[in-house]
Each structure stands twice: as structure tokens, then as C-alpha cells.
Amino acid sequence: MKRQHRELVLSPVQQRAFEGLLQGSAAGSVLFLNARPGSGRTSILQKLHETVGGAILGVGSSLRSLSEEAFLQRIEHAVAHQEFVVVDDLHVVTRTAGALDYRRAFLLDAALTAIVGEAAALRKSRVFGGHDQAPWPLARRADAWRVAPFQPEDYAFICRNLL
């Protein structure tokens, strides 16, 4: 049985964040999407990836269990070979990850500095998402977007479309 692909539909507040990221990515920018857990950050980033293409890396799920070397190689490969790269769950592997996992707290600082610099020089888009503040290499040079708190129309959307 073939699985049917269902179009990802966003709530009004998620749609506004998506449109801002889409506009910024068209300019070859480095972007950071800050969103509280449960506010649809991953859905927004998936929709962006579906629209633009390129590579999407879900740090929290597929990359967290890799060795540090394999982890950095996976990100380096995507960045080197794709015009557009989305990295979700950045908070899992940066100093903003909290007390759960400090072994990779600053692992990406040098790599993020290089990624941001290369993206700016080559006008390539890089989009990162997390639920904490952007790590300092991104905070200095990335355009930040935040998913606003849900409004009544967002909850109505969820009731109509997702439940």
C-alpha cells in the first residue's frame, strides 16, 4: 500500500514565520528560527524545506547519537554540497542545550562561525532552528525569527485541521 503524501498546512502564526524565513532565504541569508517547544518550529522548517529543497538535518532525532566526528562530517557534507540547508533542533548540540547533554556544548561554535562566513560569502542560505537563544556565532550574524505565541485563530486552526 502506497503512503499518501499529505500537504503540510501551517497555522496563521506559523505561516507568518514561514513567509519571513522564505523571504530571507531567497536573499541567501543565514536565519535562526527561535520557537518554544510545541509551537511548530519543525513543521515550519519542514515546509520551508519542501518549498525550497536542499538538505534538512534533524539534529535531535537522527544526528544526536552519532560520534562527534561523524556528526560534524554530516553537517559539513550538507553545507558543502547544497545551496540550501536547514538544521533543526540546534539547541540539542549547543551550549543552550541545558543540563541534559553538555558533552557537545561548544562543539559547533567554530563550525557555525565557518558556516555563517561561507554562506555570506557565497550567498547561500542556511536556516537553523532551536527553542533557545541562538548560539553566539549565529546571534552575531544571523537574522532571527521567532514564532509568536499562538492566538485564538491558531487554536481554531488546530481544532479544524489537526484534531
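Conventions used here
Residues numbered from 1 in each chain as written. Predicted model: local features only at pLDDT ≥ 70, side-chain atom pairs only at ≥ 80, totals over all residues. Heavy atoms only, no water. Pairing = 2+ DSSP bridges. Helix = DSSP H or I, 4+ residues; strand = E, 2+ residues; numbered from the N terminus. Axes fitted to C-alpha atoms, helices over the stretch in contact; angles between N-to-C directions. Contact = heavy atoms within 4.5 Å. Salt bridge = Lys/Arg side-chain N within 4 Å of Asp/Glu carboxyl O. Buried < 20%, exposed > 50% of the residue type's maximum accessible area, 1.4 Å probe, protein only.

Undergrad: Got a minute to help me understand the sheet that holds strand β5 (residues 143-146) in this structure?
TA: Read from one edge of the open sheet, five strands run β2-β3-β4-β1-β5, paired in parallel fashion. Single-partner strands in this sheet number two, and they are β2 (55-58) and β5. Each strand of the sheet is rotated relative to its neighbour by a mean of 15 degrees, with strand direction disregarded. The pairing of strand β1 (residues 30-34) with β5 spans four bridges and is parallel. Its bridge partner lying in β5, N34 is registered against R146. Along the sheet face, helix α2 (residues 41-52) touches β1, β2, β3 (84-88) and β4 (125-130) and points at about 165 degrees away from the line of β3. Contacting β1 and β4, helix α5 (residues 109-122) crosses the sheet at an angle of about 140 degrees to β4.

Undergrad: When you look at the pattern of salt bridges in this model, what are you seeing that I'm missing?
TA: In a structure, side chains of opposite charge can pair up when their charged atoms sit close to one another. By the definition in use, this model includes two salt bridges. When salt bridges that share partners are traced, they join R41, D88 and D89 into one network.

Undergrad: Which parts of the structure should I look at to understand the pairing of β1?
TA: Regular strands have side chains that alternate between both faces of the sheet. Counted residue by residue, β1 has five buried out of five residues, so it is predominantly covered. Residues of β1 alternate between two faces, with V30, F32 and N34 on one and L31 and L33 on the opposite face, all of them buried. Pairing analysis gives five bridges linking β1 to β4, with the strands arranged parallel. Across the sheet, L31 pairs through a bridge with V127, a residue of β4.

So far we have only geometry, and geometry alone does not tell us how the molecule works.
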